[in-house]
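Okay, here's what each chain looks like letter by letter:
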Amino acid sequence: MSFDLAARLAARRAENLYRQRPLLETPQGPQVVVDGQPLLAFCSNDYLGLANHPEVIEALRAGAARWGVGGGASHLVIGHSSPHHALEEALADLTGRPRALLFTTGYMANLGAVTALVGQGDTVLEDRLNHASLLDAGLLSGARFNRYLHNDAVSLAKRLEKATGNTLVVTDGVFSMDGDIADLPTLAREAKAKGAWLMVDDAHGFGPLGANGGGIVEHFGLSLEDVPVLVGTLGKAFGTSGAFVAGSDDLIESLIQFARPYIYTTSQPPALACATLKSLELLRSEHWRREHLNVLIRQFRKGAEQIGLELMDSSTPIQPIMIGDAGRAVLFSQMLRQRGLMVTAIRPPTVPAGSARLRVTLTAAHSEAQVQLLLEGLADCLQQLGAEPNHA
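Rules used throughout
Residues numbered from 1 in each chain as written. Predicted model: local features only at pLDDT ≥ 70, side-chain atom pairs only at ≥ 80, totals over all residues. Heavy atoms only, no water. Helix = DSSP H or I, 4+ residues; strand = E, 2+ residues; numbered from the N terminus. Rg over C-alpha atoms; globule rule 2.2 N^0.38 Å. Buried < 20%, exposed > 50% of the residue type's maximum accessible area, 1.4 Å probe, protein only. Contact = heavy atoms within 4.5 Å. Areas by Shrake-Rupley, 256 points an atom, 1.4 Å probe, with all protein chains shown as cover. Lys, Arg positive; Asp, Glu negative; His and termini not counted. Charge placed at Lys NZ, Arg CZ, Asp CG, Glu CD. Domains from an automatic or database assignment. Buried area = accessible area lost by both parts, 1.4 Å probe. Salt bridge = Lys/Arg side-chain N within 4 Å of Asp/Glu carboxyl O. Phe/Tyr/Trp six-rings, centres within 6.5 Å; stacked < 30°, edge-to-face > 60°. Lys NZ or Arg CZ within 6 Å of the ring centre and 35° of its normal. Axes fitted to C-alpha atoms, helices over the stretch in contact; angles between N-to-C directions. Parallel < 35°, antiparallel > 145°, perpendicular 65-115°, else oblique. Pairing = 2+ DSSP bridges. Left-handed = near helix turned anticlockwise from the far one by under 90°. Nonpolar A, V, L, I, M, F, W, Y, C, P; charged D, E, K, R; others polar. 1 Å grid on protein atoms, 1.4 Å probe; cavity = no way out; pocket = protein on both sides within 12 Å on 5 of 7 lines; lining within 4 Å. Points joined across faces, edges and corners; volume = space filled by probe spheres on them.

1. Describing the overall build of the protein
Counting secondary structure elements, the protein contains 15 helices and 13 strands. Against the compact-globule benchmark of 21 Å for 392 residues, the protein has a radius of gyration of 21 Å, which places it among compact chains. Across the 392 residues that make up the protein, the buried fraction comes to 54%. Intrachain contacts of the protein at a sequence separation of at least 6 include 70% that bridge at least 24 residues. Here the protein displays about 17400 Å² of accessible surface, and carbon together with sulfur accounts for 52% of that area. Of the charged side chains in the protein, 33 are positive and 40 negative; the average position of the first set lies 4 Å away from that of the second.

2. What about the domain arrangement of the protein?
Interfaces are frequently sized by the accessible area removed from exposure as the parts join. One can read the domain layout of the protein as domain 1 (21–48 + 287–387) and domain 2 (54–285). Facing the 21 residues of domain 1 at the interface are 22 residues of domain 2. Between domain 1 and domain 2, a total of about 1600 Å² is buried, with carbon and sulfur atoms accounting for 59% of that surface. Taken together, the connections running from domain 1 to domain 2 amount to 1 salt bridge.

3. Points about the environment of Met312
Residue placement: Met312 occurs in the loop between helix 13 (288–306) and strand 10 (318–324). Residue Met312 is classed as buried on the basis of its relative accessible area, which comes to 16%. Met312 sits 179 residues away from Ser133 along the chain, and the two C-alpha atoms are 23 Å apart. When sequence neighbours within four positions are dropped, the list of residues in contact with Met312 reads Met177, Asp178, Arg301, Pro320, Met322 and Arg357.

4. Thoughts on the packing of aromatic side chains
Scanning all chains against the criterion turns up 3 aromatic pairs. By the ring-pair criterion, three or more aromatic residues cluster together here, those being Phe206, Phe238 and Phe244. Across the ring face of Tyr18, the terminal group of Arg13 is positioned such that the distance to the ring centre comes to 4.1 Å. Positioned over the ring face of Trp67 is Arg66, at 4.2 Å from the centre of the ring.

5. Quick notes on the packing of helix 5 (residues 106–117) against helix 10 (residues 249–258)
It is at 9 Å that the axes of helix 5 and helix 10 come closest, and there the two elements cross at 95 degrees. As far as their axial angle goes, helix 10 and helix 5 are roughly perpendicular. Taken together, the residues of helix 10 that come into contact with helix 5 (itself represented by Gly112, Ala113, Ala116 and Leu117) are Leu251, Leu255 and Phe258.

6. A look at the sheet that holds strand 5 (residues 144–148)
In spatial order, the strands read 3-9-8-7-6-4-5; together these 7 strands make up an open sheet with mixed pairing. Unpaired on one side and paired on the other, strand 3 (99–103) and strand 5 mark the two borders of the sheet. Sheet twist, expressed as the average angle between the axes of neighbouring strands with direction ignored, equals 20 degrees. Across 5 bridges, strand 4 (residues 123–127) lies against strand 5 in parallel orientation.

7. Describing unusual backbone geometry
Between Pro348 and the following residue, Pro349, the backbone shows a cis peptide bond with an omega angle of 5 degrees. By the secondary structure assignment, Pro349 is in the loop between strand 12 (344–346) and strand 13 (356–361). Its identity as a non-glycine residue notwithstanding, Asn16 has a phi of 60 degrees, on the positive side. Its place among the elements puts Asn16 in the loop between helix 1 (5–14) and strand 1 (31–34). The exposure class assigned to Asn16 is partly exposed, which follows from its relative accessible area of 36%. Here the phi dihedral of Asn151 falls at roughly 55 degrees; this positive angle occurs in a residue that is not glycine. Assignment of secondary structure puts Asn151 in the loop between strand 5 and helix 7 (153–161). Taking relative accessible area as the criterion, Asn151 reaches 22% and is therefore assigned partly exposed.

8. Notes on the packing of helix 13 against helix 15 (residues 368–386)
With their axes 10 Å apart at the nearest point, helix 13 and helix 15 run at an angle of 20 degrees to one another. With respect to helix 15, the axis of helix 13 lies roughly parallel. As helix 13 runs across helix 15, the sense of the crossing is right-handed. The residues of helix 15 that touch helix 13, namely those facing Val295, Leu296, Gln299, Phe300, Gly303 and Ala304, are Glu368, Val371, Gln372, Leu374, Leu375 and Leu378. Split by residue class, the contact of helix 13 with helix 15 holds 8 nonpolar, 3 polar and 1 charged.

9. Quick word on the layout of surface pockets
Looking at the second largest pocket, its volume works out to about 360 Å³. What lines the second largest pocket is a set of 15 residues, among which Leu129, Asn130, Pro349, Thr350 and Val351 lie closest to the centre. In terms of domain composition, the lining of the second largest pocket takes at least three residues from each of domain 1 (21–48 + 287–387) and domain 2 (54–285).

Rendered as structure tokens:
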């Protein structure tokens, strides 16, 4: 008996679900070169346009000159440097929480938090459309795992009635493939009524949401008691890399003691923490980035509606265009690329079967003229596709 990998790969190709890595040959930004082709890109999560900001780059350079380029060891051995500590304090201040804890990636932050908090005899309840890292964390925790209907507090309440042991309710803040936001006030109320904790992964909310870029919790004006466990990533609106969990002193100390993805991993380079401190400063002080981004979101939604595209209910920089059939979504994406526009086709298993889409993401680095170019390209492709046979 052997692994028939070739057959699995062939099947994925036949279903129009085969994935390939585009080779980026320039820094992040609206104008990129991918696989040798100059393109206007609308598929980056660099929402505030900080990934290639000169001040962030200089902070990284200065940090490397002062601290070197490697973390050297785990935080608990000798890898927890002054820049890491300063960044944790700054993130705690941003979120209005007593403490924050750095992780190397968002995936590890979610795995670490969930598996440290619940185990056998406990319950994890998750939104059906949560990010893969949250779903994996729930499954790996050993707790009783169940999913409630998307953003549905009534569905959550029914599952809370059957929960046993310590119960953790887990949701994305902004859902990465749909762009909608979680109904946190209602979810928090249901969780608190049953003595459960609410954990929010706000990877796509920090930066775009909240008066000061503090994300969905700031957006709704919720407290530490409403959302005891708050996760954020640094590779999106912050423009760098890594992640953090923010919460009470007891929560952070518990993660330091029990979160295996934290304990057994080398810390991120200290210079990267220096860069993130600078990007955090820009995120908080340059309000025009969020204001400009909101202008672009309104422009895109209005224009897309006028040309007859089916958008999802999103007020965030994530603006998916629903296509349905995976083959048709791939064809649409390819046609856009021929016009110098890069928009990724998202297909199952990332999204449910029959809900393939083009995932448009807008950033503060885009201009209104560039968004207009995208709208014109979409209208042109849509007109041509109208004459094509539907692949469904």
